[in-house]
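Topology and contacts: notes
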Amino acid sequence: MKRLLKWIALMAIAALATGCASHQPYDYAAFKAARPRSILVLPPLNESKDVKATYGMLSQVSVPLAESGYYVLPVALVDETFKQNGLTTAGDIHAVPLDKLQKIFGADAALYVTVTKYGNSYQLIDSVATVEAKARLVELKTGKVLWTGSAVASNANNDSNGGLLVMLVQAAIKQVVNELSDASYPVAGMTSNFLLSAGRQDGLLYGPYHPMYATQ
Amino acid sequence: MKMKMRHYFKPGVVLAMVLAGGLTGCASGPQPLYQWGSYQPELYKYFKGESHAAQIAQLEADMQKILASGKKLPPGFNAQLGLLYAGEGKDDQAMKAFQAEKSAFPEAGPYMDFLMSKKKG
């Protein structure tokens with residue numbers, strides 16, 4: 001019995017060890033070399049079917065980035081500056097050369113965000129608002145990619161009480177409510193917070209205004 | 001009975017209780033760096049083209065609360081008010097707001113200088 005227990009324990013440790021080895025932590029070498037203080041967030045590219053995605057996301061990036069310790073350039077002003085230069089679509093904005101961005105905005109790094117999912121999906125027994133986004137942080141001086149990340153959030157119903165008929169009716173109601181109440185907007189807030197908060201695994205490093213700056 | 005008492009106060013158990021007590025202190029989490037008021041919801045309203053006057057009123061009220069609590073306005077807050085003032089033709093107030101953003105955050109310097117130079121022209 002004792003030998004069997006010892007064997008099980010050894011197998012468990014081996015399984016844990018290989019489990020830990022399979023996750024490759026993000027390589028922060030370029031990020032640490034650059035140590036950007038300020039971030040220019042460009043209006044997000046929208047690959048979803050919902051036109052509200054770009055500004056739904058853009059209006060909710062400032063808090064997580066600033067709370068991570070970065071100076072975030074004021075997003076509405078940045079958007080206006082692009083508009084006044086004839087750049088109204090995110091696609092055009094994302095194509096602006098880095099040296100031009102640095103000259104006008106004077107930021108250390110630019111954040112290129114793409115929203116890949118935004119909006120409601122009717123899934124028979126639930127109506128779910130999902131927001132998924134990915135981002136790339138690029139040093140303006142060198143063009144180096146400092147960091148990439150992605151996140152997804154939804155307002156899926158975790159409560160499966162009530163029979164099938166109840167769930168069908170609730171889903172239909174929730175679909176209408178989601179549509180009328182712009183349900184993706186708060187979900188985008190969750191996605192943005194998770195995507196852009198420092199301190200999580202493979203997340204952004206803490207910025208200069210954060211007490212934990214340069215501790216990672 | 002005596003043996004049971006000794007069991008509960010074994011060193012390992014005491015250490016676990018102390019750690020648990022210490023950890024619950026961490027449960028409340030670190031303080032946020034800034035107070036934001038309705039900055040983000042007002043940004044969304046801006047992008048949706050809603051009334052500038054209402055946004056100014058809300059942000060000015062938030063600003064009073066934040067400053068009264070002794071905190072600094074977060075990145076972009078002054079600048080957003082500047083944008084709204086400029087939209088209402090209140091150029092002097094806009095310039096003051098951009099200058100305040102620059103004073104609070106040196107990293108804002110180049111962009112605020114750019115905006116202020118455009119206003120003067």
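Everything below is about the structure printed above this text.
Before going into details, it helps to say that this report is about the structure given with it.

What counts, and where the lines are drawn
- Residues numbered from 1 in each chain as written.
- Chains lettered and ligands numbered in written order.
- Predicted model: local features only at pLDDT ≥ 70, side-chain atom pairs only at ≥ 80, totals over all residues.
- Heavy atoms only, no water.
- Helix = DSSP H or I, 4+ residues; strand = E, 2+ residues; numbered from the N terminus.
- Buried < 20%, exposed > 50% of the residue type's maximum accessible area, 1.4 Å probe, protein only.
- Contact = heavy atoms within 4.5 Å.
- Areas by Shrake-Rupley, 256 points an atom, 1.4 Å probe, with all protein chains shown as cover.
- Lys, Arg positive; Asp, Glu negative; His and termini not counted.
- Charge placed at Lys NZ, Arg CZ, Asp CG, Glu CD.
- 1 Å grid on protein atoms, 1.4 Å probe; cavity = no way out; pocket = protein on both sides within 12 Å on 5 of 7 lines; lining within 4 Å.
- Points joined across faces, edges and corners; volume = space filled by probe spheres on them.
- Polar contact = N/O pair within 3.5 Å; in protein donor to acceptor, adjacent residues only side chain to side chain.
- Axes fitted to C-alpha atoms, helices over the stretch in contact; angles between N-to-C directions.
- Parallel < 35°, antiparallel > 145°, perpendicular 65-115°, else oblique.
- Pairing = 2+ DSSP bridges.
- Buried area = accessible area lost by both parts, 1.4 Å probe.
- Salt bridge = Lys/Arg side-chain N within 4 Å of Asp/Glu carboxyl O.
- Nonpolar A, V, L, I, M, F, W, Y, C, P; charged D, E, K, R; others polar.

The subject of this paragraph is the overall build of chain B. Scanning chain B for helices and strands turns up seven helices and zero strands. The N-to-C order of helical and strand elements in chain B reads α-α-α-α-α-α-α. Here chain B holds 121 residues, and the buried ones make up 36% of them. Put simply, of all contacts in chain B between residues at least 6 apart along the chain, 50% involve residues at least 24 apart.

Check the secondary structure of chain A and you find nine helices and six strands. For chain A, buried positions account for 46% of its 216 residues. Taking all contacts inside chain A whose residues are at least 6 apart in sequence as the whole, residues at least 24 apart take part in 72%. When the accessible surface of chain A is split by element, carbon and sulfur atoms take 60% of a total near 10900 Å². Counting 18 positive and 16 negative side-chain charges, chain A places the averaged centre of each group 11 Å from the other.

Let us now look at empty space enclosed by the protein. Gaps left between atoms are located by rolling a probe of water-molecule size over the structure's atoms. All names here are of chain A. All told, the structure shown has one cavity of 30 Å³ or more when counted by the stated rule. As a volume, the largest cavity reaches approximately 80 Å³. Contributing to the lining of the largest cavity are T81, F82, N85, L87, V96, K100, L101, I104 and F105. Where the lining of the largest cavity is concerned, the elements lending two or more residues are α5 (75–84) and α7 (98–105). Looking at the lining of the largest cavity element by element, the count peaks at four residues for α7.

Turning next to the side chain of T191(A). Residues and elements named next belong to chain A. The topology assignment puts T191 in helix α9 (residues 184–196). A polar side-chain atom of T191 sits 2.8 Å from the main-chain carbonyl oxygen of V131. Ignoring sequence-local partners within four residues, the contact set of T191 consists of V131, E132, A133, A151, V152 and A153.

We now examine the packing of helix α3 (residues 39–47) of chain B against helix α4 (residues 52–68) of chain B. All names here are of chain B. At a closest axis distance of 10 Å, the pairing of α3 and α4 adopts a crossing angle of 170 degrees. Here α3 lies roughly antiparallel to α4, going by the angle between them. For the pair formed by α3 and α4, the contact residues are Y39, E42, K45 and Y46 on the first element and H52, A54, Q55, Q58, L59 and D62 on the second.

Our next topic: the pairing of strand β4 (residues 109–122) of chain A. Residues and elements named next belong to chain A. Of the pairings in the sheet, the one linking strand β1 (residues 38–41) to β4 comprises three bridges and is parallel in character. When the sheet's bridge partners are listed, I39 is paired in β4 with A109. Relative to β4, strand β2 (residues 45–46) runs parallel, the two sharing two bridges. When the bridges of β4 are listed, N46 appears paired with V115. Bridge count between β4 and strand β5 (residues 127–139): 13 bridges; the pairing is antiparallel. Bridging across to β5, S121 finds its partner in V128. Between β4 and β5, which follow one another and run antiparallel, lie four residues, and L124 among them has a positive phi close to 70 degrees.

Attention shifts here to the interface of chain A and chain B. Residue-level contacts link 36 residues of chain A with 29 residues of chain B. Both sides together, the interface formed by chain A and chain B hides about 2600 Å², and carbon and sulfur atoms give 65% of it. Area buried by chain A at its contact with chain B is led by Y71(A), L77(A) and Y209(A), which between them contribute 25% of it. Between the two partners, chain A and chain B, sit one salt bridge. A salt bridge links R37(A) to E107(B), with the nearest nitrogen and oxygen atoms 2.8 Å apart. Between the two partners, chain A and chain B, sit 14 residue pairs in polar contact (both at pLDDT 80 or more). Contributions of two or more residues to the side of chain A that touches chain B are made by α3 (53–58), α4 (62–67), β3 (71–72), α5 and α7 of chain A. With eight residues, α5(A) is the single largest residue contributor to the side of chain A that touches chain B. Grouping the amino acids of the side of chain A that touches chain B by side-chain chemistry returns 20 nonpolar, ten polar and six charged.

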